[in-house]
Amino acid sequence: MRVLYITGEFPPMRGSIGDHTARLATAVMAQGHEVGVLTATEAREAKLPGAEIFPLVEQWNLASWRTIGEAARGYDVLHLEYQAGAFGMGLAPQLMADATRLFTGGKPFVTTFHDLLVPYLFPKAGRARGWSVRHLARASDGVVVTNEEDAEALRQQGVARLWQVPIASPLPLDPGPDFDREAWREAWNVGPQHKLLVHFGFINRAKGVETLLRAYDGLLRAGQPVRLLMAGDPLGASDPSNQTYLEEIHHLAGELNLEEPWIQWTGDLSEQELIRSILAADLIALPFREGASLRRSTLVMSLSLGRPIVTTEPATPIPFLQNGHNIAIVRRDDSAAFARQIALLIRYEPTLRRLERGASELRQHFDWGRIAEQYIEVYGAVLARREKNV
């Protein structure tokens, strides 16, 4: 089987969707299939051993459809990795399933929705924005979602041919043989008397970083021996609104007098350095405004590394996340509750170790080989259905 992935971003571009696509394509190839990747011209330096890379799209608009059709020759299944921000918030991707039928002779089209955020389109687009996402889901031969809430939302909208497949870590999880946890902490001014909170990943409004800063301020005022590390590049390549939000966060940190050494901003890190920062933490702090979700690669990476995590209540329950056993959950947008939970956890070491053990037990859910097998089943199902209807 030959699969063509269509993605708005791909390494070396920064973005979790591009990283996810690269890891998935690699895992699918490892199971004996051939893949290609069609992406933006910004990824012209992209390389993926064993795969054909087509960095051909300058702008995701109607003109890009013909490019997709030309790249799709010789492939059996087209797979769109959809997130509105990764495609410039425009309309063309929402009509891509229809367009490819014109330019590819009706090849099966699978869409993974990494979220259900609607595109901007144009001022006062109103209902057309929501319609565009629903239309893409209904026009696709197969739809994959990564989390419970998106699955439920699409079911309610009458979307059939729906699968749920989790994401896995977009980065290798190996810190390297020379990783020294205490030395790494010392490098960021974290002494043996401190508990280290770590937040990582691109910063946007959905991450609830203002809740974390206010909680951290409360912890410091209460005399808690904590330090906060904001690890990694805070900005991705896809969403320009992240810059505005980051500026607001830095302004809030200034208002709260949260400067070094209280907060350390690492800036851009290598993949291995980011993994080291996560492993150096006593507690990972992820105060998502909309609640914990398996669409969040930061949550998935933290679980995959077996880290103790404090996060916010999921909008839709996640069956295998158990508060107090493998994760700590508090109310959303409640900095005081977030601070209280952190204070309780860092005060009692056995609870942290219990969360750590519980998180480690969940690693099997986020194995790339297992995820690739699930996608291959999706591809096989849409191919069989298409052949049956021919």
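This write-up is about the structure you can find in this document. The shown structure was predicted, so the numbers you read here are calculated from the model rather than taken from an experiment. (Residues numbered from 1 in each chain as written. Predicted model: local features only at pLDDT ≥ 70, side-chain atom pairs only at ≥ 80, totals over all residues. Heavy atoms only, no water.)

**Points about the environment of V190**
Right, so step 1: With respect to the element layout, V190 can be found in the loop between α6 (181-187) and β8 (195-200).
Right, so step 2: Residue V190 is classed as buried on the basis of its relative accessible area of 4%.
Right, so step 3: Along the primary structure V190 and H365 are separated by 175 residues, whereas in three dimensions their C-alpha atoms are 32 Å apart.
Right, so step 4: Discounting chain neighbours no more than four positions away, the residues touching V190 are R185, L196 and R227. (Helix = DSSP H or I, 4+ residues; strand = E, 2+ residues; numbered from the N terminus. Buried < 20%, exposed > 50% of the residue type's maximum accessible area, 1.4 Å probe, protein only. Contact = heavy atoms within 4.5 Å.)

**Section: the packing of aromatic side chains**
The geometry of an aromatic ring pair is captured by the separation of the ring centres together with the interplanar angle, meaning the angle of the planes.
Right, so step 1: Per the stated rule, a full pass over the model turns up four aromatic pairs.
Right, so step 2: Centroid distance Y82 to F113: 5.5 Å. Interplanar angle 70°. Geometry classified as edge-to-face. On the criterion of sequence distance, the pair formed by Y82 in strand β4 (residues 77-82) and F113 in strand β5 (residues 109-113) is long-range, its members being 31 residues apart.
Right, so step 3: When its relative accessible area of 0% is taken as the criterion, Y82 is described as buried.
Right, so step 4: Plain terms: the ring middles of F320 and F366 are 6.2 Å apart, the flat faces sit at 70° to each other, and that makes the pair edge-to-face. With F320 in the loop between β12 (309-312) and β13 (328-330) and F366 in the loop between α12 (349-360) and α13 (368-389), this residue pair connects regions lying 46 residues apart in the sequence.
Right, so step 5: One cation-aromatic arrangement involves R2 over Y75; the distance from NZ or CZ to the ring centre is 4.3 Å. (Phe/Tyr/Trp six-rings, centres within 6.5 Å; stacked < 30°, edge-to-face > 60°. Lys NZ or Arg CZ within 6 Å of the ring centre and 35° of its normal.)

**Points about helix α11 (residues 335-347)**
Right, so step 1: If you check α11, its first and last C-alpha atoms are 18 Å apart, about what 13 residues at 1.5 Å a residue would give, namely 18 Å.
Right, so step 2: The complete set of buried residues in α11 reads A337, F338, A339, Q341, I342, A343, L345 and I346. (Expected span 1.5 Å × (residues − 1).)

**Quick notes on the sheet that holds strand β6 (residues 142-145)**
Right, so step 1: One open sheet accounts for seven strands, arranged β3-β2-β1-β4-β5-β6-β7; its pairing is parallel. Across the chains shown, the open sheet's two edge strands, defined by having one partner strand only, are β3 (52-57) and β7 (162-164). Within the sheet, the average angular offset between the axes of one strand and its neighbour, ignoring direction, is 20°.
Right, so step 2: Where strand β1 (residues 2-7) and β4 come together, five bridges link them in parallel fashion. Along β4, the bridge assignment pairs V3 with V77.
Right, so step 3: Contacts between helix α5 (residues 148-156) and the sheet are confined to β5, β6 and β7, with β7 contributing the most and set at about 170° to the helix. (Pairing = 2+ DSSP bridges. Axes fitted to C-alpha atoms, helices over the stretch in contact; angles between N-to-C directions.)

**Looking at unusual backbone geometry**
Right, so step 1: P12 follows P11 through a cis peptide bond whose omega is 20°.
Right, so step 2: Of note, the bond from E260 into P261 is cis; its omega dihedral lies within 30 degrees of zero at 5°.
Right, so step 3: Checked against the element boundaries, P261 lands in the loop between α8 (241-255) and β10 (263-267).
Right, so step 4: If you check the backbone angles, D333 has positive phi at about 55° while not being a glycine.
Right, so step 5: Mapped onto the secondary structure, D333 falls in the loop between β13 and α11.
Right, so step 6: Given a relative accessible area of 47%, D333 falls into the partly exposed group.

None of the figures reported here should be taken as evidence of function without further support.
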